[in-house]
Protein chains: 2
Amino acid sequence: MTAHTPGPWADPVTGVCPVAETLRLLGGKHGPTLLHCLTGGEMHFLELSRALGGISRKVLTEQLRVFEAEGLISRTPKQDARRRVAYALTPRGQALGAIIAQLYDWSTQPA
Amino acid sequence: MTAHTPGPWADPVTGVCPVAETLRLLGGKHGPTLLHCLTGGEMHFLELSRALGGISRKVLTEQLRVFEAEGLISRTPKQDARRRVAYALTPRGQALGAIIAQLYDWSTQPA
DNA sequence: CTGTATCCAGACGGATACTG
DNA sequence: CAGTATCCGTCTGGATACAG
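Residues numbered from 1 in each chain as written. Chains lettered and ligands numbered in written order. Predicted model: local features only at pLDDT ≥ 70, side-chain atom pairs only at ≥ 80, totals over all residues. Heavy atoms only, no water.

Caption draft 1: Representation of the sheet that holds strand β3 (residues 85-89) of chain A in the model. Residue and element names in this part refer to chain A. Strand order across the open sheet formed by 3 strands is β1-β3-β2, with antiparallel pairing between neighbours. One side of each edge strand has no neighbouring strand; the edge strands of this open sheet are β1 (43-44) and β2 (73-77). Sheet contacts for helix α2 (residues 31-38): β1, β2 and β3; angle to β3, the most-contacted strand, approximately 95 degrees. (Pairing = 2+ DSSP bridges. Helix = DSSP H or I, 4+ residues; strand = E, 2+ residues; numbered from the N terminus. Contact = heavy atoms within 4.5 Å. Axes fitted to C-alpha atoms, helices over the stretch in contact; angles between N-to-C directions.)

Right, here's the structure in full:
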């Protein structure tokens, strides 16, 4: 065939590439790092804030809300004196995190 | 340990998360789709332009240049009458594309 | 066909101050 | 500790016209 056969990168209904959509789920500048952070286990708001370096609390909050709405993370307020809130990956979030982790290996391979 | 043990998401030297860096390599709005498109084989500029739907030639050109500089794709001008230019994934680009393809499977799994 | 050159609107994210 | 509310600069990407 002279004409190129397109791969499955466009949804027949929405016309949107699922891969691009998934990448969008990962969020903006800090989304991927945030998700990858939580791969190591649950973390509190301030821990995440510090781990992500120069992220503003506003953006962090927004991203957490989005991930929560997407079912990637869970939010559980601890009832201790410090009123901390723990964030952790859901099974679905972990599955995505596993794929993301492969990007780590890829990035360390020789060109 | 009460304190959370950070995962390998921050480079000890640059302080940058390699995963986030890799995700950045994928480019902006159309980068991932573009890469995924080329998974099916080499394509010409106009083919890509159409496959990506509403992408401007300016942005497409920019993204192609970036990918080329990153060693993810190759640019080979054909010397035919139509002066077309073929773009294809390099081995490194294909390796990345393989990982990206997993995102497709993930996105189709039940929540 | 394959770009390049401007211009511009909107999204994104940082800084800061304030609240429960 | 964990947010929320504003303000505002920057960066991205779209539209359009022009060029090799």
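Caption draft 2: Summary view of the relation of the copies chain B and chain A. Of the transformation superimposing chain B on chain A, the axial component is 0.0 Å and the angular component is 180 degrees, with the fit at an RMSD of 0.1 Å. Such a combination of rotation and displacement between the chain copies is what one expects of a two-fold axis. Rotation axis and chain B: the residue whose C-alpha lies nearest the axis is Ile-99 of chain B, separated from it by 3.6 Å. Take the interface residues of chain B: 100% of them recur as interface residues in chain A, which is what a same-surface contact looks like. (Least-squares fit on C-alpha atoms with pLDDT ≥ 70 in both.)

Caption draft 3: Local environment of the environment of Gly-31 of chain A. All names here are of chain A. Take Gly-31: it is sitting in helix α2. Gly-31 sits in the buried class, given a relative accessible area of 0%. Remark: the alpha-carbon pair of Gly-31 and Leu-52, spanning 21 residues in sequence, is separated by 9.8 Å. Sequence-distant contacts of Gly-31, that is, excluding residues within four places in its chain, are made with Leu-26, Gln-63 and Phe-67. (Buried < 20%, exposed > 50% of the residue type's maximum accessible area, 1.4 Å probe, protein only.)

Caption draft 4: Representation of the protein's contact with DNA strand D. Residues in contact with DNA strand D amount to 21 residues; listed here are only the nearest, Arg-75, Val-85 and Tyr-87 of chain A together with Lys-29 and Lys-58 of chain B. In this structure, Val-85 of chain A approaches DNA strand D through a main-chain N or O atom, which is 2.7 Å from a phosphate oxygen. One nitrogen or oxygen atom from the main chain of Lys-29 of chain B is found 2.5 Å from a phosphate oxygen belonging to DNA strand D. At 4 residues, helix α4 (residues 57-69) of chain A tops the list of elements feeding residues into the surface near DNA strand D. (Near = heavy atom within 4 Å. Polar contact = N/O pair within 3.5 Å; in protein donor to acceptor, adjacent residues only side chain to side chain.)

Caption draft 5: Looking closely at the protein's contact with DNA strand C. Near DNA strand C you find 21 residues, and of these Lys-29 and Lys-58 of chain A together with Leu-46, Arg-75 and Tyr-87 of chain B are the closest. Within 4 Å of the protein, the atoms of DNA strand C are drawn from sugar and phosphate moieties in a proportion of 66%. At 2.9 Å from a phosphate oxygen of DNA strand C is found a main-chain nitrogen or oxygen belonging to Val-85 of chain B. Taken together, the elements giving at least two residues each to the surface near DNA strand C come down to α4 of chain A together with α3 (45-51), α4 (57-69) and β3 (85-89) of chain B. It is α4 of chain B that provides the largest number of residues to the surface near DNA strand C, a total of 4 residues. Its residues placed into classes, the surface near DNA strand C shows 5 nonpolar, 5 polar and 11 charged. (Nonpolar A, V, L, I, M, F, W, Y, C, P; charged D, E, K, R; others polar.)

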